[in-house]
Amino acid sequence: MTRPVLTQATGPAHSRILGLGAARGEHVVTNDDVAGPIDSSDEWIRQRTGIVTRRRSGPDTDVLDLAEAAARDAIADAGLTGADIDAVILSTVTYFHQTPAGSAVLADRLGATPAAAYDISAACAGYTYGIGQADALVRSGNARNVLVIGAEKMSDFIDPTDRSISFLLGDGAGAVVIGPSDTPGIGPTVWGSDGSMAQSIRQTASWKDAFEEGGAWPTLRQEGPTVFKWAAWQMAPVAEKAIAAAGLTADDIDVFVPHQANMRIIDQMIKQLKLPEKVVVGRDIADTGNTSAASIPLAIERLKREGQASTGDLALQIGFGAGLVYAAQVVVLP
C-alpha cells in the first residue's frame, strides 16, 4: 500500500520589514531621580552607562498598552489593517500573566483575530528572536504578514535600592510588520544560548517563592562585571557571523543597532567589529534607558525619525541578555 504524501506549505523566497512603530513610557526620569536610593550621582551613572534619562510609565499603563500603541503604528506604517495580520509574536518578560498569552489579547485589541499568537520569553534578545521566527513563517508560507513586538514595562520589576540594574531600566515597546518581498530583506539569524550563566541576569525569586508567607516581590538583578565581559567581548563574534551569513562585509553595513544595554558595551563592540566611521550607531539608551526586548526597534525608530537612517539602509542588529541568550541578523530598514 502506497502511503499518501503530505503537502507542505510553501511561501515567497524572501521577506522584509514593511512597517515600524514605537511607544515610550510617558514619564522622563532623570539620573538625579534614581541616584539617591543607590547612593550614586548623575555623573557616576553617565560615566558607567551613558544614560542621561530613562522613560517610564505610570501605574495606569501596562505592558500591553505600550505594545498596542507600537503595534498600531507599525501596522499603519506598513499600509495595512489589523485584519491583514496573520500572526502576532510578542516578546516580553514583564507581562504578568503566565496564561493566556499577551499576544492573543493584543491580537484581539488590534482586530487581528483569528491570527496565530504567541509570546516569546527571551529577554533582551526577544525582538531579534521574533524577527528570525517571523522571517521563517513568511518564507515557509505559514503566514503572509507577521507582527513582531518587543514590549517591556521594566519599572514593575525594579528595586530602587539595587545598584546592579535598577537605574538602567526603562519602559517602552517597538513593533514591526514583516511580509513577503521580491528581494532579500532579512538575513539569516545567528542565535544561541548559554544557560550555564543563567544567574548573571535573573529574577530575584520565583513567583512561587514570592507568594509564600513572608515572600518578597521579585525584582531584577545582574552580575554587572560578568555581563559586561560577556556582552562586550563575546557578542561581537556573533555579529560578525550574522554579517557573513548575509553575504556581506562590515563595509556594507550602514547602521548598527545593538541591544541598548550600556553605552560602554556598544563602544567596545564597535571597536571589535572594526565598523567604518560611516556606520550610524543606535544610542537611544542615553534618553530611553534599557528597555530589554523593546530597545532595538526603539533605537531604529529614533534613528529614522531624526534622519540618521533611511529606508533601504542595511542594519546590523543584535540582542543579548538574560538566559543568557542572543540573536543577530542584518535587515533592510523599512
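Note that the structure is a prediction, hence the values are computed from the model and not measured.

Chemist: Could you give an account of the pairing of strand β5 (residues 116–120), with specific residues and numbers?
Modeler: Relative to β5, strand β4 (residues 87–91) runs parallel, the two being bridged by 5 bridges. The partner of Val88 across the bridge, within β5, is Ala117. Handedness of the β-α-β unit built from β4, helix α4 (residues 102–109) and β5 comes out right-handed.

Chemist: How would you summarise unusual backbone geometry if you had to cite specific residues and measurements?
Modeler: Both trends apply: most residues other than glycine have a negative phi, and most peptide bonds are in trans. With an omega dihedral of 0°, the bond running from Thr99 to Pro100 counts as a cis peptide bond. As for its position among the elements, Pro100 is in the loop between β4 and α4. Here the bond from Thr113 into Pro114 is cis, since omega is 15°, no more than 30 degrees from zero. Among the secondary structure elements, Pro114 is positioned in the loop between α4 and β5. Residue Ala123 is not a glycine yet carries a positive backbone phi of 50°. Here Ala123 is to be found in the loop between β5 and α5 (126–140). Even without being glycine, Ser292 reaches a positive phi, approximately 55°. Note on placement: Ser292 falls in the loop between α9 (285–288) and α10 (295–305).

Chemist: So what about a nonpolar patch on the surface? Which residues, and what values?
Modeler: Together, Phe96, Trp207, Phe211 and Trp217 make up an exposed nonpolar region whose accessible area comes to about 470 Å². Inspection of the secondary structure puts Trp207 in helix α6 (residues 207–211). In this structure Trp207 comes out as partly exposed when scored by relative accessible area, which is 31%.

Chemist: Explain the packing of helix α3 (residues 63–77) against α4 residue by residue, including any values.
Modeler: For the pair α3 and α4, the least separation of the axes is 10 Å and the interaxial angle reads 50°. Comparing the axis directions of α3 and α4 gives the class oblique. Here α3 runs over α4; the crossing is right-handed. Mapping the contact onto sequence places Leu64, Asp65, Ala67, Glu68 and Arg72 in α3 and Gly102, Val105, Leu106 and Arg109 in α4.

Chemist: Talk me through the nonpolar core; I want residue IDs and the actual numbers.
Modeler: Within the largest apolar cluster, 50 residues are counted, with the highest numbers of intra-cluster contacts made by Trp230, Met235, Phe256, Leu316, Ile318 and Phe320. Elements represented by at least two residues in this core include exactly α1 (31–35), α7 (224–245), α8 (263–273), α9, β13 (314–321) and β14 (325–332). No other element matches the 11 residues that α7 contributes to this core. The contact partners of Trp230, leaving out residues within four places of it in the chain, are Met197, Met235, Phe320, Gly321, Leu324, Val325 and Tyr326. Tyr129, Ala134, Ile178 and Ile186 belong to the second largest nonpolar core, which has 31 residues in total.

Chemist: Kindly report on the pairing of strand β1 (residues 14–24), identifying the contributing residues and their values.
Modeler: Of all 11 residues making up β1, 9 are buried, and the element is well covered by its neighbours. Alignment of β1 against strand β7 (residues 171–181), held across 10 bridges, turns out to be antiparallel. Among the inter-strand pairings, Leu20 is bridged to a residue of β7, identified as Val176.

Chemist: Could you give an account of the side chain of Ser103, with specific residues and numbers?
Modeler: Looking at the element boundaries, Ser103 is found in helix α4. Judged by relative accessible area, Ser103 falls into the buried class, the value being 0%. Engagement of the side chain of Ser103 in a polar contact is seen with the side chain of Asp119, the distance being 2.9 Å. Each residue touching Ser103, except ones within four places of it in the same chain, is listed here: Val88, Leu90, Ala117, Tyr118 and Asp119.

Chemist: Please set out the environment of Ser310 residue by residue, giving values where relevant.
Modeler: Assignment of secondary structure puts Ser310 in the loop between α10 and β13. We classify Ser310 as partly exposed; its relative accessible area is 41%. When the C-alpha atoms of Ser310 and Ile300 are compared, they prove to be 9.9 Å apart, with 10 residues separating the residues in sequence. Among residues more than four places away in sequence, those in contact with Ser310 are Lys304 and Leu333.

Chemist: Which residues make up the sheet that holds β4, and what are the values?
Modeler: Pairing is mixed in the open sheet, where 5 strands are placed in the order β1-β7-β6-β4-β5. Both edges of this open sheet fall to β1 and β5, since each of them pairs with a single strand only. Averaged over all pairs of adjacent strands, the angle between their axes in this sheet comes to 15°, without regard to strand direction. Against the sheet, α3 engages β1, β4, β6 (146–153) and β7, with an angle of about 135° to β1.

Chemist: If you had to explain the packing of aromatic side chains to someone new, which residues and values would you point to?
Modeler: Tallied over the full model, the rule gives 10 aromatic pairs. Three or more aromatic residues joined by ring pairs form one cluster here, namely Phe96, Phe157, Trp207, Phe211 and Trp217. Looking at Arg163, its charged tip hangs above the ring of Trp44, at a distance of 4.8 Å from the centre. The ring of Phe228 has Arg264 lying over it, and the distance from NZ or CZ to the ring centre is 4.7 Å.

Reading the values: rules and limits
Residues numbered from 1 in each chain as written. Predicted model: local features only at pLDDT ≥ 70, side-chain atom pairs only at ≥ 80, totals over all residues. Heavy atoms only, no water. Pairing = 2+ DSSP bridges. Helix = DSSP H or I, 4+ residues; strand = E, 2+ residues; numbered from the N terminus. Right-handed = clockwise from strand over helix to strand, strands pointing away. Patch = residues over 30% accessible without salt bridge, like charges linked within 9 Å, V, L, I, M, F, W, Y side chains within 5 Å. Areas by Shrake-Rupley, 256 points an atom, 1.4 Å probe, with all protein chains shown as cover. Salt bridge = Lys/Arg side-chain N within 4 Å of Asp/Glu carboxyl O. Buried < 20%, exposed > 50% of the residue type's maximum accessible area, 1.4 Å probe, protein only. Axes fitted to C-alpha atoms, helices over the stretch in contact; angles between N-to-C directions. Parallel < 35°, antiparallel > 145°, perpendicular 65-115°, else oblique. Left-handed = near helix turned anticlockwise from the far one by under 90°. Contact = heavy atoms within 4.5 Å. Core = buried A, V, L, I, M, F, W, Y, C linked by side-chain atoms within 4.5 Å. Polar contact = N/O pair within 3.5 Å; in protein donor to acceptor, adjacent residues only side chain to side chain. Phe/Tyr/Trp six-rings, centres within 6.5 Å; stacked < 30°, edge-to-face > 60°. Lys NZ or Arg CZ within 6 Å of the ring centre and 35° of its normal.

The quantities given are spatial measurements derived from coordinates; they are silent on function.
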